[in-house]
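Chain and residue survey
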Amino acid sequence: LYSAVDSTSMGDLGAASYSVWFVASSVEKRIYRVEPWAPGIWPGDYRIRIIAGDGSRGLQDGLRTDARFDDPRGIDILHDSTTTTSLSVFIAEYSAHVIRKITYPYGLVS
């Protein structure tokens, strides 16, 4: 985790399950999903995926690759009770004093 995401830039971690985590990075301006590389191996190698943010500073909503974050730090997860695959990832933008929402896995940032 620390080799792929600069540990000094991590704002917060949010757990979606026992082995799936979401990370807000204030330096990279991105939100990551971290999970074990091979199911059932703990600890082991991790797969790190960018779920939102193009790496540029800003407050732009849109699809995962078009969205921009200013200073993402806080993160929380809300599971959708109607499905097992959908959830909402809430991101606190520290400098802008706003809360952003990522609809996962669709990648829509609002």
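Scroll up to find the structure this text is about.
Let me begin by describing the structure that accompanies this report.

Conventions we followed
Residues numbered from 1 in each chain as written. Predicted model: local features only at pLDDT ≥ 70, side-chain atom pairs only at ≥ 80, totals over all residues. Heavy atoms only, no water. Helix = DSSP H or I, 4+ residues; strand = E, 2+ residues; numbered from the N terminus. Buried < 20%, exposed > 50% of the residue type's maximum accessible area, 1.4 Å probe, protein only. Pairing = 2+ DSSP bridges. Contact = heavy atoms within 4.5 Å. Core = buried A, V, L, I, M, F, W, Y, C linked by side-chain atoms within 4.5 Å. Phe/Tyr/Trp six-rings, centres within 6.5 Å; stacked < 30°, edge-to-face > 60°. Salt bridge = Lys/Arg side-chain N within 4 Å of Asp/Glu carboxyl O.

One can find S19 in the loop between β1 (10-15) and β2 (21-25). Taking relative accessible area as the criterion, S19 reaches 22% and is therefore assigned partly exposed.

Here we have five strands laid out as an open sheet, ordered β5-β9-β8-β7-β6, and antiparallel in their pairing. Edge positions in the sheet fall to β5 (62-63) and β6 (72-79), since each has one partner strand and no second. Across seven bridges, β6 lies against strand β7 (residues 87-93) in antiparallel orientation. Residue pairing in the sheet places I77 in a bridge with V89 of β7.

Bridging between β7 and strand β8 (residues 98-104) involves seven bridges; their strand directions are antiparallel. Of the residues in β8, the one forming a bridge with F90 is K101. Taken together, β7 and the strand that follows it, β8, pair antiparallel across an intervening segment of four residues, in which H97 is found at a positive phi of about 60 degrees. In textbook terms, the turn of a hairpin is the stretch between consecutive antiparallel strands, and for β8 and strand β9 (residues 108-109) this stretch comprises three residues, one of which, G107, has a positive phi near 80 degrees.

Our next topic: the side chain of S86. Secondary-structure assignment places S86 in the loop between β6 and β7. Dropping the residues within four chain positions of it, S86 is found in contact with H79, D80, Y104, P105 and Y106.

Take the nonpolar core next. Residues F22, I31, I51, F69, V89, I91 and I102 are the most contacted members of the largest nonpolar core, which totals 16 residues. Looking at this core, the elements that each hand over two or more residues are β2, β4 (46-52), β6, β7 and β8. With three residues, the single largest contributor to this core is β7. With near-sequence residues (within four places) excluded, I102 lies in contact with I31, I51, A52, F69, L87, S88, V89, I91, G107, L108 and V109.

Take the packing of aromatic side chains next. What characterises a pair of aromatic rings is the spacing of the ring centres plus the angle enclosed by the ring planes. Summed over all chains, the structure comprises one aromatic pair. Seen in terms of ring centroids, F22 and Y104 are 5.3 Å apart; in terms of plane orientation they differ by 80 degrees. Their pairing is edge-to-face. Residue F22 is located in strand β2, and its partner Y104 is located in strand β8; the two are separated by 82 residues in the primary sequence. On the accessibility criterion, F22 (0% relative accessible area) is buried. The buried category is assigned to Y104, whose relative accessible area is 10%.

A separate point is the pattern of salt bridges. According to the stated counting rule, one finds seven salt bridges in the structure shown. Across the salt bridge formed by R49 and E35, the nearest N and O atoms sit 3.9 Å from each other. Of the two residues, R49 sits in strand β4 while E35 sits in strand β3 (residues 30-36), which places them 14 residues apart along the sequence. One salt bridge in this structure joins D61 and R100, with 3.0 Å as the shortest N-O distance.

Treat this as a map of the structure, not an account of what it does.
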